[in-house]
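# Fold and geometry: a report
Here is what each chain is made of, one letter per residue.
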Amino acid sequence: MQYLVSVIDDKVDPGSTDRMPQIDAFNDKLIAEGYWVFAGGLADTDAATVIDNRGEKPVVSDGPFIESKEYLAGLWVWDVPDLDVALALATEASEACDRKIEVRPFA
């Protein structure tokens with residue numbers, strides 16, 4: 001089963017910025033165990049653009065779709081046997097990147 005694993009940062013109380021060695025080691029583990037599908041960090045929310053084309057003409061707005069102190073800082077996609085494995089890995093991921101983690105199965 002595949003899961004979207006979101007890395008949640010906080011503008012008021014951000015995670016450590018020196019976590020790349022821990023994240024790289026965790027990613028190596030995911031790859032070695034066959035759980036890795038994809039991962040990536042995201043630029044700051046100031047770089048976001050929202051497009052809403054549900055009306056008569058598209059509306060393009062700078063910034064994130066919602067203003068919040070917490071924001072999506074990165075993501076993984078994992079292919080794991082079940083939710084228990086995803087949650088165990090997410091616990092390790094949270095420690096590795098020093099941030100909150102949200103785990104959601106793909107529909």
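Above this text sits the structure in question.
Each chain has its residues counted from 1, running along the sequence as written. For a predicted model such as this one, the threshold for reporting local features is a pLDDT of at least 70, and the threshold for listing and counting side-chain atom pairs is 80 or more; totals across whole chains, interfaces and linings nevertheless cover every residue. Where side-chain values are given, they derive from all heavy atoms of the structure, hydrogens and water being excluded.

Further remarks concern the pairing of strand 4 (residues 59–62). Consecutive residues of a regular strand have side chains that alternate between opposite faces of the sheet. Relative to strand 4, strand 3 (residues 49–52) runs antiparallel, the two sharing four bridges. Directly across from Ile51, in strand 4, lies its bridge partner Val60. When DSSP finds at least two bridges between two strands, those strands are taken to pair. Secondary structure is summarised from DSSP: a helix means a run of H or I of at least four residues, a strand means a run of E of at least two, and numbering begins at the N terminus for each. The hairpin turn running from strand 3 into strand 4, its antiparallel successor, is six residues long.

Strand order across the open sheet formed by four strands is 2-5-1-6, with antiparallel pairing between neighbours. Since the sheet does not close on itself, it has two edges, and those belong to strand 2 (36–41) and strand 6 (100–105), each with one partner. Taking each pair of neighbouring strands and ignoring which way they run, the sheet shows an average axis angle of 20 degrees. As judged from the six bridges shared by strand 1 (residues 2–10) and strand 6, these two strands associate in the antiparallel manner. Directly across from Val7, in strand 6, lies its bridge partner Ile101. Any two residues whose heavy atoms approach within 4.5 Å at even a single point are treated as in contact. For helices, the fitted line uses only the C-alpha atoms of the stretch in contact; every axis is such a line through C-alpha atoms, and the angle between N-to-C directions lies from 0 to 180 degrees. Seen against the sheet, helix 1 (residues 20–32) touches strand 2 and strand 5 (70–79) and runs at an angle of roughly 25 degrees to strand 5. Lying over the sheet, helix 2 (residues 83–97) contacts strand 1, strand 5 and strand 6, oriented at roughly 155 degrees with respect to strand 6.

Turning next to the packing of aromatic side chains. The rule is short: rings of Phe, Tyr and Trp, with Trp giving its six-membered ring, pair when the centres are within 6.5 Å, and they are stacked under 30 degrees, edge-to-face over 60, tilted in between. This structure, assessed with the given rule, holds three aromatic pairs. Pairing Trp76 with Trp78 gives two aromatic rings, centres 5.7 Å apart and planes at 45 degrees, and the pair type is tilted. The buried label goes to any residue with under 20% of its type's maximum accessible area, the exposed label to any with over 50%, and the partly exposed label to all in between, with areas taken from a 1.4 Å probe on protein chains only. Given a relative accessible area of 4%, Trp76 falls into the buried group. Taking relative accessible area as the criterion, Trp78 reaches 0% and is therefore assigned buried. Following the ring pairs from residue to residue traces out a cluster consisting of Phe26, Trp76 and Trp78. It is Lys11 that lies over the ring of Tyr71; its NZ or CZ is 4.9 Å from the centre. We call a charge positioned above a ring when the Lys NZ or Arg CZ atom is no farther than 6 Å from the ring centre and deviates by at most 35 degrees from the ring normal.

Both site types are read off a 1 Å grid over the protein atoms alone. A 1.4 Å probe that fits but cannot get out defines a cavity, while an open set with protein on both sides within 12 Å along at least five of seven lines defines a pocket; lining residues have an atom within 4 Å of a point. Grid points are joined across faces, edges and corners, and a volume is the space filled by probe spheres set on the points. When its volume is computed, the largest pocket comes out at roughly 420 Å³. The leading source of residues in the lining of the largest pocket is strand 5, at three residues. Charged residues are taken to be Asp, Glu, Lys and Arg, nonpolar residues to be Ala, Val, Leu, Ile, Met, Phe, Trp, Tyr, Cys and Pro, and polar residues to be all remaining types, Gly included. Looking at the lining of the largest pocket, its residues break down into nine nonpolar, two polar and five charged. Computed from the structure, the second largest pocket encloses a volume of approximately 360 Å³. Val7, Ile23, Gly41, Ala73 and Cys97 are the residues nearest the centre of the second largest pocket, which is lined by 19 residues in total. Counting only elements with at least two residues in the lining of the second largest pocket, the list comes to strand 1, helix 1, strand 2 and strand 5. Of all the elements, strand 5 adds the most residues to the lining of the second largest pocket, at five residues. A per-class count over the lining of the second largest pocket returns ten nonpolar, six polar and three charged.

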